[in-house]
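# Summary of the model geometry
So you can see what is in the structure, the chains are spelled out below.
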Amino acid sequence: MAKRAYQSLNDPQASEKLQQFRQVLDEELEHAIEGHEFKMVYIGIATLALFASVIYLAWKF
């Protein structure tokens, strides 16, 4: 059975590419988290307004 030849982990180009990949991944993850937080805040405020409206209408009528 033939062994696979793997590129050395000490290769400077591989290390640089891995570092760039991690940086891009961190940026994309941070962007996704911020987008999700914004959506959750929007949903929370909309839900609060809806419940306040229902309570007000139930109290008024």
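Just so it is clear, the structure is predicted and the values come from calculations on it, not from any experiment.

### Some words on the overall build of the chain
Assigned secondary structure in the chain consists of one helix and zero strands. In the chain, which comprises 61 residues, the proportion classed as buried is 2%. Accessible surface for the chain amounts to roughly 6,500 Å². Of this, 65% is attributable to carbon and sulfur atoms.

### Looking at the packing of aromatic side chains
Under the counting rule described, the total for this entry stands at one aromatic pair. Where Tyr56 meets Trp59, the ring centres are 6.2 Å apart and the plane angle is 50°; that geometry is what we call tilted. Of this pair, Tyr56 and Trp59 both sit in helix 1 (residues 12-60), three residues apart, roughly one helical turn. Relative accessible area serves as the criterion here: at 46%, Tyr56 is assigned to the partly exposed category.

### Considering a negative patch on the surface
Residues Asp26, Glu27, Glu28, Glu30, Glu34 and Glu37 make up a contiguous surface patch of negative charge. As for its position among the elements, Glu34 is in helix 1. The class for Glu34 is partly exposed, based on a relative accessible area of 45%.

### With respect to a nonpolar patch on the surface
Side chains of Tyr56, Leu57, Trp59 and Phe61 sit close together on the surface and give an oily, nonpolar patch of about 600 Å² of accessible area. Note on Trp59: relative accessible area 69%, which makes it exposed.

Conventions adopted
Residues numbered from 1 in each chain as written. Predicted model: local features only at pLDDT ≥ 70, side-chain atom pairs only at ≥ 80, totals over all residues. Heavy atoms only, no water. Helix = DSSP H or I, 4+ residues; strand = E, 2+ residues; numbered from the N terminus. Buried < 20%, exposed > 50% of the residue type's maximum accessible area, 1.4 Å probe, protein only. Areas by Shrake-Rupley, 256 points an atom, 1.4 Å probe, with all protein chains shown as cover. Phe/Tyr/Trp six-rings, centres within 6.5 Å; stacked < 30°, edge-to-face > 60°. Patch = residues over 30% accessible without salt bridge, like charges linked within 9 Å, V, L, I, M, F, W, Y side chains within 5 Å. Salt bridge = Lys/Arg side-chain N within 4 Å of Asp/Glu carboxyl O. Lys, Arg positive; Asp, Glu negative; His and termini not counted. Charge placed at Lys NZ, Arg CZ, Asp CG, Glu CD.

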